[in-house]
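Listed here are the chains, written in short residue letters.
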Amino acid sequence: MTTVQRGGGPRSLGASLLDQVLAETLDPAYAQAARAREARAAGDEAPPSRQRRGQLAVALVLVLAGLLAVVTYDQAAAGAQGREEVRSALVAEIEGESETTDRLAADLEGVRAEVAAARADALAATAVGQRVLDRLEDAELTAAALPVRGPGLLVTLADAEPDADEDPVGGTTEADPRGQVRDGDLQLVVNALWASGAEAISINGQRLGPTTAIRFAGEAVLVDFRPVANPYLVSAVGDPGSLRSRFLGSPEVNSLAVISETYGLRFEFAQEDELSLPAGSPPELRSAVPVSEAPAPAPEPAPGG
């Protein structure tokens with residue numbers, strides 16, 4: 001079988017297939033697959049309008065995120081500012097109430113002084129009244145109801161200093177509770193002073209009486225239910241020399257010295273020529289008995305009579 005080609009002359013069928021293979025080097029299926037990929041790529045490209053809409057959507061999301069961040073920050077700032085305002089208001093209210101309390105306490109002291117003066121004038125008018133007045137003064141001194149002035153011993157207790165080695169910026173952020181003065185430490189000092197012969201004792205100006213309690217509440221030490229702050233100054237009126245020697249030899253002071261050495265508490269004492277202790281809270285009057293004229297003693301019989 002032969003075919004006729006341009007230019008004349010017969011050629012075989014095999015030669016015709018070889019020419020076709022050489023002329024079409026790419027398989028039609030590969031070409032069709034390539035055209036399909038190009039078509040899909042062209043279809044995936046969004047038109048300019050769709051690109052602009054996508055960019056606008058992204059910008060809108062970013063703007064909304066920024067607005068949300070601003071609103072969140074404003075709310076947080078407003079909350080912190082509100083808390084600070086509430087705290088400032090509470091501090092101002094506490095200071096105002098403290099001033100009112102101090103003013104009322106001063107007025108009360110003035111009224112007590114007037115009552116004491118009137119009572120002394122009334123009792124001193126008779127012999128029986130004078131004896132009652134002397135007994136009353138002794139009882140008031142024992143009950144810490146009268147101010148006291150005289151020489152004595154001043155003991156200082158203070159919390160341990162912060163350890164700067166743990167924080168190079170300037171100390172630890174939270175104090176070690178073991179380095180804080182506790183109510184038991186003050187009780188040791190007070191008991192040792194009473195046992196050493198102290199006539200009157202006060203802690204940071206709070207006079208101690210027979211019923212005064214020293215307690216630890218939260219982070220504050222309460223003396224007669226009133227808070228006292230670090231450092232704690234314990235004033236004791238009495239003979240300085242005797243107080244010092246007996247105080248240093250007491251077992252309570254030895255225990256406190258061990259505690260101070262272990263946890264870094266500041267424990268100091270000094271003899272003072274003049275200490276002034278205020279009067280304490282007067283005890284509550286629960287009962288009263290009238291004092292009558294005591295009968296005169298019977299005359300002794302004469303010797304040999």
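Residues numbered from 1 in each chain as written. Predicted model: local features only at pLDDT ≥ 70, side-chain atom pairs only at ≥ 80, totals over all residues. Heavy atoms only, no water.

Participant: Requested: an account of the overall build of the protein chain, with residues and values cited.
Facilitator: Within the protein chain, the secondary structure is distributed over seven helices and 10 strands. Each of the 305 residues in the protein chain was classed as buried or not, and the buried ones make up 19%. Within the protein chain, contacts between residues at least 6 apart in sequence are counted, and of these 73% link residues at least 24 apart. Total accessible area on the protein chain stands at roughly 21900 Å², and carbon and sulfur atoms take up 57% of it. (Helix = DSSP H or I, 4+ residues; strand = E, 2+ residues; numbered from the N terminus. Buried < 20%, exposed > 50% of the residue type's maximum accessible area, 1.4 Å probe, protein only. Contact = heavy atoms within 4.5 Å. Areas by Shrake-Rupley, 256 points an atom, 1.4 Å probe, with all protein chains shown as cover.)

Participant: Please give an account of the pattern of salt bridges that cites residues and values.
Facilitator: A full pass over the atoms with the stated rule returns three salt bridges. Here Arg119 makes a salt bridge to Glu140, at a shortest N to O gap of 3.0 Å. Of the two residues, Arg119 is situated in helix α3 (residues 48-123) and Glu140 in helix α4 (residues 127-142); the sequence distance between them amounts to 21 residues. Of the charged contacts in the structure, one is a salt bridge between Arg149 and Glu274, with a shortest N-O distance of 3.9 Å. Remark: Glu274 occurs in strand β10 (residues 266-277) and Arg149 occurs in strand β3 (residues 148-158); sequence separation between them is 125 residues. Since its relative accessible area comes to 59%, Arg149 is described here as exposed. (Salt bridge = Lys/Arg side-chain N within 4 Å of Asp/Glu carboxyl O.)

Participant: An account of the sheet that holds strand β6 (residues 214-217) is requested, with residue identities and associated values reported.
Facilitator: Adjacent strands of a sheet pair through backbone hydrogen bonds, lying either parallel or antiparallel. Pairing in this open sheet of three strands is antiparallel, and the strands run β6-β7-β8 from one edge to the other. Edge strands, defined here as strands with exactly one partner in the open sheet, are β6 and β8 (226-228). Across the sheet, the mean angle from the axis of one strand to that of its neighbour is 40°, orientation sign disregarded. As judged from the four bridges shared by β6 and strand β7 (residues 220-223), these two strands associate in the antiparallel manner. Bridge pairing links Phe216 to Val221 in β7. Each of β6 and β7 touches helix α5 (residues 183-195); the most contacted strand, β6, lies at about 170° to it. (Pairing = 2+ DSSP bridges. Axes fitted to C-alpha atoms, helices over the stretch in contact; angles between N-to-C directions.)

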